[in-house]
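The residues making up each chain are set out below.
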Amino acid sequence: MNFPERIEIIEVGPRDGLQNEPEPVSTSNKKELIKKLADAGFSRIETTAFVSPKWVPQMADADEISDYCNRLGIKYIALTPNLKALDRAIAAKVRQIAVFIGASTIFNQKNINKTTEESLAECEAIFLRAKEHGLFIRAYISMAFTCPYQGEVTFEEVNHVCQRFVELGADEIVIGDTNGHANPQMVYERFSRLRELYPDTVFVGHFHNTWNMALANTIAAIQCGVEKFDSSIGGLGGCPYTPGATGNLATEELLLMTSEMGIETSISFEKIKQIVPFAKSLSTRSM
Ligand code: HMG
Ligand code: MG
């Protein structure tokens, strides 16, 4: 097997980890979590989402969180699924945005109230305006393996979205196992084909751990040359519109593996271990 000398780990706990919490998490606790994570050495943290507070109440403090991140001087990513979200993010001086479209249209209707085609059309306008402002654009393809509403998701459905993201000029494309039902074989096949079709594109692995295969899926993606992975402290997470799925790949598990294997990251495993209890204390679902 081939292993890179280093990988980038993008911490998504403050956003993906907390967005689905049924009880409100205070803004001051979110800030404390972000500060601790920044001190542990992450190059980038996904901190919030400019989504509708009616849809995802937990992300209602996106403005205040972004202002805090700007004052800390860290590199962070905020989700912007529509033009209104992008306008809010630009006003909040966000520099890295993320759009997200599912490979399955039923998921998109439930998650962002649009079909895949409608979402792609809005993305075109989002990319244009974001590029005018010089923003870094992360583009998620969610439900890239299976979907709780539709079942199997074909490679063609994934590639349909991927091709548009490449044409629009995404800075990185995140392949999301939102449902957490992918296995290493599927991951290897899908990433190999994508890397073959788009050799100049930067791909990121984003694995949820519903079936406890997120770590194995990471190894499979590494074998295809992928060197960037999302993870969430304490394994927190879940999407409100993905019934049955659990948290993300836990940052501490990924770091234990990379440090034992001599794969470099910029992150202190010792510091991460100390943050895990605090992160878990913010979640009523991890108790
Ligand atoms: P909508 O209701 O279709 O929007 O929501 P609309 O354009 O029809 O507007 C309706 C109302 O919402 C209006 O207000 C708008 O102003 C307001 P009203 O006139 O009724 O007072 N509105 C907004 N307010 C604040 N911020 C906005 C915004 N947009 C409209 N940005 C929308 C469309 C996308 C906003 C909605 O569907 C939404 O917020 N969805 C949330 C989706 C979400 O956050 N899902 C979880 C993240 S995705 C995920 O977890 C997967 C991922 O981790 C990757 C993986 O695991 O694969 C990324
Ligand atoms: Mg996710």
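Above this text sits the structure in question.
The model shown is predicted, which means the values in this text are computed figures rather than measured ones.

Enquirer: Sorry, what's going on with the side chain of Asn159 here?
Expert: With respect to the helices and strands, the residue Asn159 is situated in helix 7 (residues 155-168). Of the polar contacts made by the side chain of Asn159, one reaches the side chain of Tyr198; its length is 2.5 Å. Apart from residues lying up to four places away in sequence, Asn159 is in contact with Leu194, Leu197 and Tyr198.

Enquirer: Hey, could you run me through the pattern of salt bridges in this one?
Expert: Pairs can form between side chains of opposite charge whenever their charged atoms are close. What the rule picks out here adds up to 20 salt bridges. Glu264 is paired through a salt bridge with Arg6; the nearest N and O atoms lie 3.5 Å apart. Placement of the pair is Glu264 in the loop between helix 10 (251-261) and helix 11 (269-281) and Arg6 in the segment before strand 1 (8-11), with a sequence separation of 258 residues. Accessibility expressed as a relative area gives 43% for Arg6, which makes it partly exposed.

Enquirer: I tried to follow the site of ligand 1 on my own but got confused; where do I start?
Expert: The local shell around ligand 1 holds 27 residues, among which Gln19, Ser52, Asn111, Asn113 and Thr178 are the closest. One nitrogen or oxygen atom from the side chain of Thr178 is found 2.5 Å from an oxygen atom belonging to ligand 1. A distance of 3.0 Å separates an oxygen atom of ligand 1 from a polar atom in the side chain of His206. Coverage of ligand 1 by the protein amounts to 76% of the 1100 Å² it exposes when considered alone. Elements with a contribution of two residues or more to the shell around ligand 1: helix 1 (13-17), helix 4 (83-91), helix 5 (105-112) and strand 5 (136-142). Examining the composition of the shell around ligand 1, we find that 3 residues originate from one element, helix 4, more than from any other. Grouping the constituent residues of the shell around ligand 1 by class yields 12 nonpolar, 10 polar and 5 charged.

Enquirer: Can you walk me through unusual backbone geometry in this structure?
Expert: With the exception of glycine, the majority of residues adopt a negative phi angle, and the majority of peptide bonds are in the trans configuration. Located in the positive-phi region is Lys93, a residue other than glycine, with phi close to 65 degrees. Topologically, Lys93 is positioned in the loop between helix 4 and strand 4 (96-102). On the basis of relative accessibility, which here comes to 59%, the residue Lys93 falls in the exposed class. Of note in the backbone geometry, Met143 takes a positive phi value of approximately 50 degrees without being a glycine.

Enquirer: How do you make sense of the coordination of the magnesium ion (ligand 2) when you look at a structure like this?
Expert: Protein-derived ligands of the magnesium ion (ligand 2) are Asp16 (OD), His206 (NE2) and His208 (NE2), with the metal-ligand distances lying across 2.1 to 2.3 Å. Written as a sequence motif, the donor residues of the magnesium ion (ligand 2) are D-x189-H-x1-H. You can call His206 buried: its relative accessible area is 4%. His208 gets classed as buried once you look at its relative accessible area, which sits at 2%.

Enquirer: So what exactly am I meant to see when it comes to the packing of helix 8 (residues 184-197) against helix 9 (residues 214-223) here?
Expert: Packed helices, taken two at a time, are described by their axes: the angle between them and the distance between them. Relative to each other, helix 8 and helix 9 sit at 25 degrees, their axes nearing to 8 Å. As judged from the angle between their axes, helix 8 and helix 9 are roughly parallel. The crossing of helix 8 and helix 9 is right-handed. Note on element contacts: helix 9 touches helix 8 through Ala216, Asn217, Ala220, Ala221 and Gln223, opposite Pro184, Val187, Tyr188 and Phe191. Here the residues of the contact of helix 8 with helix 9 sort into 7 nonpolar, 2 polar and no charged.

How each quantity is defined
- Residues numbered from 1 in each chain as written.
- Chains lettered and ligands numbered in written order.
- Predicted model: local features only at pLDDT ≥ 70, side-chain atom pairs only at ≥ 80, totals over all residues.
- Heavy atoms only, no water.
- Helix = DSSP H or I, 4+ residues; strand = E, 2+ residues; numbered from the N terminus.
- Polar contact = N/O pair within 3.5 Å; in protein donor to acceptor, adjacent residues only side chain to side chain.
- Contact = heavy atoms within 4.5 Å.
- Salt bridge = Lys/Arg side-chain N within 4 Å of Asp/Glu carboxyl O.
- Buried < 20%, exposed > 50% of the residue type's maximum accessible area, 1.4 Å probe, protein only.
- Near = heavy atom within 4 Å.
- Areas by Shrake-Rupley, 256 points an atom, 1.4 Å probe, with all protein chains shown as cover.
- Nonpolar A, V, L, I, M, F, W, Y, C, P; charged D, E, K, R; others polar.
- Donors = N, O, S within 2.8 Å, 3.2 Å for Na, K, Ca; no water.
- Axes fitted to C-alpha atoms, helices over the stretch in contact; angles between N-to-C directions.
- Parallel < 35°, antiparallel > 145°, perpendicular 65-115°, else oblique.
- Left-handed = near helix turned anticlockwise from the far one by under 90°.

Shape is all these values report; function is a separate question.
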